[in-house]
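Listed below, chain by chain, are the residues.
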Amino acid sequence: TLRRDVEDGVVYVALKDHGLGVYRRAAKTNVLSRIGAIGGLGSTWGVRVSNHTAFVTALEGQLAAVDVTDPSRPKLLGAVATGGVSRGLAVDGQTAYVAAGSEGLVVIDVSDPTNPRVVGRAQTRGTAVRVDYSAGRAFVAAWNDARVYDVSRPAAPRFIGAVRLTTDVTYPDHGRAAVTARTLGIAANGHDVFVGNWWVPYSYRLYPDRTGPSLVLPEEINLTDFGPVAAGTSSTIPIEIKNQGTAPATLFNNWTTENSFSVAPEQ
(Lines give C-alpha, C1' and ligand atoms only; values in the text may rest on other atoms or scores of the structure.)
Protein backbone atom coordinates (compact mmCIF):
# COMPACT_ATOMS: atom_id res chain seq x y z
CA THR A 1 0.00 0.00 0.00
CA LEU A 2 1.49 3.34 -1.10
CA ARG A 3 -1.27 5.99 -0.82
CA ARG A 4 -4.99 6.24 -0.15
CA ASP A 5 -7.84 8.73 -0.33
CA VAL A 6 -11.44 8.81 0.91
CA GLU A 7 -14.73 9.94 -0.64
CA ASP A 8 -18.30 9.30 0.58
CA GLY A 9 -17.05 6.88 3.24
CA VAL A 10 -15.20 4.76 0.69
CA VAL A 11 -11.43 4.27 0.88
CA TYR A 12 -9.34 4.15 -2.30
CA VAL A 13 -5.89 2.59 -2.07
CA ALA A 14 -2.93 2.51 -4.49
CA LEU A 15 -1.78 -1.12 -4.41
CA LYS A 16 1.34 -0.82 -6.57
CA ASP A 17 1.36 -3.81 -8.97
CA HIS A 18 -2.24 -4.64 -8.02
CA GLY A 19 -3.70 -1.37 -9.26
CA LEU A 20 -6.43 0.45 -7.34
CA GLY A 21 -8.33 -1.16 -4.48
CA VAL A 22 -11.66 0.12 -3.14
CA TYR A 23 -12.70 -0.51 0.47
CA ARG A 24 -15.64 0.26 2.79
CA ARG A 25 -15.64 0.29 6.58
CA ALA A 26 -18.25 -1.63 8.50
CA ALA A 27 -19.69 0.79 11.07
CA LYS A 28 -20.26 -1.91 13.72
CA THR A 29 -16.93 -3.71 13.48
CA ASN A 30 -14.62 -1.03 11.99
CA VAL A 31 -13.38 -3.71 9.58
CA LEU A 32 -12.37 -2.59 6.09
CA SER A 33 -13.59 -4.86 3.32
CA ARG A 34 -12.67 -4.67 -0.34
CA ILE A 35 -15.68 -3.91 -2.49
CA GLY A 36 -13.97 -3.23 -5.82
CA ALA A 37 -10.66 -3.13 -7.66
CA ILE A 38 -9.12 -2.38 -11.03
CA GLY A 39 -5.76 -3.50 -12.40
CA GLY A 40 -3.77 -2.68 -15.50
CA LEU A 41 -2.80 0.77 -14.21
CA GLY A 42 0.91 0.06 -13.83
CA SER A 43 2.72 0.20 -10.49
CA THR A 44 0.32 2.59 -8.73
CA TRP A 45 1.61 5.03 -6.13
CA GLY A 46 -0.51 8.16 -5.61
CA VAL A 47 -4.31 8.46 -5.59
CA ARG A 48 -6.73 11.37 -5.23
CA VAL A 49 -10.52 11.18 -5.58
CA SER A 50 -12.67 14.09 -6.75
CA ASN A 51 -16.31 14.07 -7.88
CA HIS A 52 -16.46 10.29 -8.27
CA THR A 53 -13.25 10.17 -10.31
CA ALA A 54 -10.11 8.57 -8.89
CA PHE A 55 -6.84 9.90 -10.29
CA VAL A 56 -3.93 7.47 -9.95
CA THR A 57 -0.22 7.87 -10.65
CA ALA A 58 2.02 4.98 -11.69
CA LEU A 59 5.79 4.65 -11.37
CA GLU A 60 6.04 3.97 -15.10
CA GLY A 61 5.23 7.66 -15.67
CA GLN A 62 1.47 7.82 -16.07
CA LEU A 63 -1.65 9.45 -14.65
CA ALA A 64 -4.89 7.49 -15.03
CA ALA A 65 -8.49 8.63 -14.43
CA VAL A 66 -10.90 6.01 -13.09
CA ASP A 67 -14.69 6.34 -12.85
CA VAL A 68 -15.77 5.32 -9.33
CA THR A 69 -19.40 6.43 -9.53
CA ASP A 70 -20.10 2.80 -8.65
CA PRO A 71 -17.22 2.04 -6.25
CA SER A 72 -17.73 -1.69 -6.65
CA ARG A 73 -17.10 -1.45 -10.39
CA PRO A 74 -14.32 1.08 -11.12
CA LYS A 75 -13.79 1.78 -14.82
CA LEU A 76 -10.77 3.27 -16.56
CA LEU A 77 -11.70 6.51 -18.31
CA GLY A 78 -8.39 7.69 -19.74
CA ALA A 79 -4.67 8.07 -19.10
CA VAL A 80 -1.75 10.29 -20.06
CA ALA A 81 2.01 9.83 -20.00
CA THR A 82 3.84 12.18 -17.63
CA GLY A 83 7.36 10.89 -18.18
CA GLY A 84 9.75 10.27 -15.33
CA VAL A 85 8.63 8.33 -12.26
CA SER A 86 5.22 9.57 -11.13
CA ARG A 87 4.61 9.44 -7.39
CA GLY A 88 3.03 12.41 -5.61
CA LEU A 89 -0.31 13.78 -6.79
CA ALA A 90 -2.59 16.71 -5.99
CA VAL A 91 -5.88 17.62 -7.68
CA ASP A 92 -7.65 20.98 -7.68
CA GLY A 93 -10.85 21.18 -9.69
CA GLN A 94 -9.97 20.46 -13.31
CA THR A 95 -6.19 20.40 -12.83
CA ALA A 96 -3.89 17.67 -11.52
CA TYR A 97 -0.33 18.20 -10.31
CA VAL A 98 2.11 15.29 -10.47
CA ALA A 99 5.54 14.94 -8.88
CA ALA A 100 7.18 13.03 -11.72
CA GLY A 101 10.72 12.33 -10.55
CA SER A 102 13.31 13.58 -13.04
CA GLU A 103 10.53 15.25 -15.05
CA GLY A 104 9.82 17.58 -12.12
CA LEU A 105 6.35 19.07 -11.70
CA VAL A 106 3.86 18.06 -14.40
CA VAL A 107 0.55 19.94 -14.72
CA ILE A 108 -2.37 18.09 -16.32
CA ASP A 109 -5.77 19.28 -17.52
CA VAL A 110 -8.30 16.69 -16.28
CA SER A 111 -11.46 18.60 -17.23
CA ASP A 112 -12.19 15.69 -19.59
CA PRO A 113 -11.20 12.55 -17.63
CA THR A 114 -11.42 10.48 -20.81
CA ASN A 115 -8.68 12.61 -22.35
CA PRO A 116 -6.33 14.08 -19.71
CA ARG A 117 -3.68 16.38 -21.25
CA VAL A 118 -0.29 17.60 -20.05
CA VAL A 119 -0.44 21.41 -20.25
CA GLY A 120 2.59 22.54 -18.25
CA ARG A 121 5.89 21.48 -16.72
CA ALA A 122 8.49 22.88 -14.33
CA GLN A 123 11.93 21.38 -13.81
CA THR A 124 13.14 20.74 -10.26
CA ARG A 125 16.74 20.56 -9.04
CA GLY A 126 16.22 17.05 -7.69
CA THR A 127 13.78 14.18 -8.00
CA ALA A 128 10.20 15.40 -7.49
CA VAL A 129 8.72 13.04 -4.89
CA ARG A 130 5.60 14.70 -3.46
CA VAL A 131 3.36 17.62 -4.38
CA ASP A 132 0.57 19.61 -2.77
CA TYR A 133 -1.67 22.44 -3.98
CA SER A 134 -3.04 25.45 -2.12
CA ALA A 135 -4.28 28.90 -3.12
CA GLY A 136 -2.98 28.91 -6.69
CA ARG A 137 0.41 27.42 -5.86
CA ALA A 138 2.02 24.01 -6.24
CA PHE A 139 4.42 22.89 -3.50
CA VAL A 140 6.97 20.23 -4.44
CA ALA A 141 9.19 18.03 -2.29
CA ALA A 142 12.11 17.60 -4.68
CA TRP A 143 14.66 15.48 -2.77
CA ASN A 144 17.28 18.25 -2.64
CA ASP A 145 14.89 21.01 -1.55
CA ALA A 146 11.28 22.12 -1.11
CA ARG A 147 9.99 24.31 -3.96
CA VAL A 148 6.99 26.54 -4.62
CA TYR A 149 5.47 27.49 -8.00
CA ASP A 150 2.75 29.92 -8.95
CA VAL A 151 0.36 27.84 -11.08
CA SER A 152 -2.37 30.43 -11.61
CA ARG A 153 -1.45 29.89 -15.27
CA PRO A 154 -1.22 26.08 -15.39
CA ALA A 155 0.60 26.09 -18.73
CA ALA A 156 3.42 28.25 -17.32
CA PRO A 157 4.34 27.41 -13.71
CA ARG A 158 6.42 30.26 -12.25
CA PHE A 159 9.10 29.58 -9.66
CA ILE A 160 8.57 31.52 -6.42
CA GLY A 161 11.17 30.14 -4.06
CA ALA A 162 12.85 27.14 -2.46
CA VAL A 163 14.49 26.06 0.77
CA ARG A 164 17.32 23.56 1.20
CA LEU A 165 17.50 21.76 4.54
CA THR A 166 20.71 20.36 6.02
CA THR A 167 21.92 17.86 8.57
CA ASP A 168 25.27 17.60 10.35
CA VAL A 169 27.78 15.08 9.05
CA THR A 170 28.60 12.29 11.51
CA TYR A 171 31.80 10.29 12.05
CA PRO A 172 34.16 9.77 10.19
CA ASP A 173 33.53 13.11 8.43
CA HIS A 174 32.55 15.03 11.55
CA GLY A 175 33.56 18.68 11.33
CA ARG A 176 32.57 19.21 7.72
CA ALA A 177 29.81 21.60 6.71
CA ALA A 178 26.26 20.32 7.06
CA VAL A 179 25.08 18.34 4.03
CA THR A 180 21.73 18.32 2.22
CA ALA A 181 18.97 16.52 4.11
CA ARG A 182 16.62 14.76 1.71
CA THR A 183 13.15 16.28 1.41
CA LEU A 184 10.50 13.59 1.07
CA GLY A 185 7.14 15.19 1.90
CA ILE A 186 5.31 18.50 1.71
CA ALA A 187 1.90 19.97 2.52
CA ALA A 188 0.47 23.49 2.40
CA ASN A 189 -2.44 25.50 3.74
CA GLY A 190 -2.51 28.99 2.28
CA HIS A 191 0.84 30.56 3.16
CA ASP A 192 1.74 27.88 5.72
CA VAL A 193 4.08 25.21 4.37
CA PHE A 194 4.96 21.95 6.11
CA VAL A 195 8.10 20.15 4.96
CA GLY A 196 9.08 16.62 5.96
CA ASN A 197 12.72 15.78 5.35
CA TRP A 198 14.66 12.63 6.16
CA TRP A 199 15.17 13.67 9.78
CA VAL A 200 12.87 16.45 10.96
CA PRO A 201 9.51 18.05 10.01
CA TYR A 202 9.64 21.83 9.52
CA SER A 203 7.03 24.58 9.29
CA TYR A 204 7.53 27.62 7.04
CA ARG A 205 5.64 30.76 6.09
CA LEU A 206 5.55 31.68 2.40
CA TYR A 207 5.89 35.35 1.37
CA PRO A 208 5.21 35.13 -2.38
CA ASP A 209 5.60 38.86 -3.06
CA ARG A 210 9.17 39.03 -1.80
CA THR A 211 12.04 38.66 -4.25
CA GLY A 212 15.62 37.64 -3.62
CA PRO A 213 18.54 35.55 -4.86
CA SER A 214 18.70 31.84 -4.08
CA LEU A 215 22.10 30.20 -4.43
CA VAL A 216 22.44 26.66 -5.75
CA LEU A 217 25.68 24.84 -4.91
CA PRO A 218 26.82 21.48 -6.30
CA GLU A 219 25.55 18.56 -4.24
CA GLU A 220 29.12 17.30 -3.71
CA ILE A 221 30.38 20.63 -2.34
CA ASN A 222 30.11 19.63 1.33
CA LEU A 223 32.32 16.57 0.87
CA THR A 224 34.96 18.23 -1.35
CA ASP A 225 38.29 16.40 -1.28
CA PHE A 226 41.44 17.79 -2.92
CA GLY A 227 43.20 14.44 -2.65
CA PRO A 228 46.98 14.12 -2.02
CA VAL A 229 48.90 17.30 -2.85
CA ALA A 230 52.72 17.24 -2.87
CA ALA A 231 54.58 19.78 -0.76
CA GLY A 232 55.22 22.99 -2.66
CA THR A 233 52.41 22.38 -5.16
CA SER A 234 48.74 23.30 -5.23
CA SER A 235 45.44 21.84 -6.36
CA THR A 236 42.40 23.74 -7.55
CA ILE A 237 38.76 22.71 -7.55
CA PRO A 238 36.25 24.86 -9.50
CA ILE A 239 32.89 25.41 -7.79
CA GLU A 240 29.92 26.31 -9.98
CA ILE A 241 27.45 28.57 -8.20
CA LYS A 242 24.03 29.22 -9.74
CA ASN A 243 21.26 31.63 -8.87
CA GLN A 244 17.73 30.19 -9.09
CA GLY A 245 16.16 33.14 -7.30
CA THR A 246 13.90 35.97 -8.36
CA ALA A 247 16.54 38.72 -8.00
CA PRO A 248 20.21 39.07 -9.07
CA ALA A 249 22.85 37.54 -6.82
CA THR A 250 26.10 39.27 -5.81
CA LEU A 251 28.93 37.40 -4.09
CA PHE A 252 31.21 39.56 -1.97
CA ASN A 253 33.90 39.11 0.67
CA ASN A 254 34.55 35.48 -0.30
CA TRP A 255 37.03 33.98 2.17
CA THR A 256 38.37 30.77 3.72
CA THR A 257 38.88 29.79 7.34
CA GLU A 258 42.33 28.23 6.84
CA ASN A 259 45.50 29.92 5.58
CA SER A 260 46.35 26.80 3.57
CA PHE A 261 43.41 27.54 1.28
CA SER A 262 42.42 30.49 -0.86
CA VAL A 263 39.40 31.40 -2.95
CA ALA A 264 39.10 33.43 -6.14
CA PRO A 265 37.53 35.69 -7.08
CA GLU A 266 37.11 37.47 -3.76
CA GLN A 267 33.90 39.11 -4.95
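The structure we're discussing is the one just above.
**Some thoughts on the pattern of salt bridges**
Considering all chains together, one arrives at eight salt bridges under this definition. When the shortest N-O distance is used, the salt bridge between E103 and R121 registers 3.2 Å. Placement of E103 in the loop between strand 10 (95-99) and strand 11 (105-109) and of R121 in strand 12 (residues 117-122) is noted, with a sequence separation of 18 residues between them. With a relative accessible area of 26%, E103 lands in the partly exposed category. Two residues, R182 and E219, come together in a salt bridge whose shortest N-O distance is 3.0 Å. One end of the pair, R182, is in the loop between strand 18 (179-180) and strand 19 (183-189); the other, E219, is in the loop between strand 22 (215-216) and strand 23 (242-243), and 37 residues separate them in sequence. Owing to a relative accessible area of 24%, R182 belongs among the partly exposed residues under this scheme.

**Some words on the packing of aromatic side chains**
Going through the model one piece at a time under the given rule, you end up with five aromatic pairs. Ring centres of Y97 and Y133 lie 5.2 Å apart, and the angle between their planes is 10 degrees; this geometry places the pair in the stacked category. Here the residue Y97 occupies a position in strand 10, and Y133 occupies one in strand 13 (residues 130-134), the gap between them amounting to 36 residues. Aromatic pair Y202 and Y204: ring centres 6.3 Å apart, planes at 40 degrees, arrangement tilted. When its relative accessible area of 30% is taken as the criterion, Y202 is described as partly exposed. In this structure, R87 is placed above the aromatic ring of W45, and the distance from its NZ or CZ to the ring centre is 5.2 Å. Residue placement shows R210 over the ring face of Y207; its charged tip is 4.0 Å from the ring centre.

**A closer look at the pairing of strand 20 (residues 192-197)**
Burial of strand 20 is one-sided: the residues V193, V195 and N197 facing one way are buried, the residues D192, F194 and G196 facing the other way are not. For strand 19 and strand 20, the ladder comprises six bridges, and the chain directions are antiparallel. Bridging from a neighbouring strand, A188 pairs with V193 of strand 20. Hairpin connection from strand 19 to strand 20: two residues lie between these consecutive antiparallel strands, with G190 at a positive phi of about 65 degrees. The pairing of strand 20 with strand 21 (residues 201-205) spans five bridges and is classified as antiparallel. Following the sheet pairing, F194 is matched in strand 21 by S203. In this structure, the hairpin formed by strand 20 and strand 21 is closed by a connection of three residues.

**Considering unusual backbone geometry**
Cis geometry marks the peptide bond from A264 to P265, where omega comes out at 0 degrees. Along the chain, the position of P265 falls in the segment after strand 23. In this structure, K16 is a non-glycine residue whose phi angle is positive, near 55 degrees. Looking at where K16 falls in the secondary structure, it is placed in the loop between strand 2 (10-14) and strand 3 (20-25). Here N51, not a glycine, exhibits a phi torsion of approximately 55 degrees, which is positive. Tracing the backbone through its elements, the reader meets N51 in the loop between strand 5 (44-50) and strand 6 (53-58). Classification of N51 as exposed rests on a relative accessible area of 66%.

Each value, and the rule that gives it
Residues numbered from 1 in each chain as written. Predicted model: local features only at pLDDT ≥ 70, side-chain atom pairs only at ≥ 80, totals over all residues. Heavy atoms only, no water. Salt bridge = Lys/Arg side-chain N within 4 Å of Asp/Glu carboxyl O. Helix = DSSP H or I, 4+ residues; strand = E, 2+ residues; numbered from the N terminus. Buried < 20%, exposed > 50% of the residue type's maximum accessible area, 1.4 Å probe, protein only. Phe/Tyr/Trp six-rings, centres within 6.5 Å; stacked < 30°, edge-to-face > 60°. Lys NZ or Arg CZ within 6 Å of the ring centre and 35° of its normal. Pairing = 2+ DSSP bridges.

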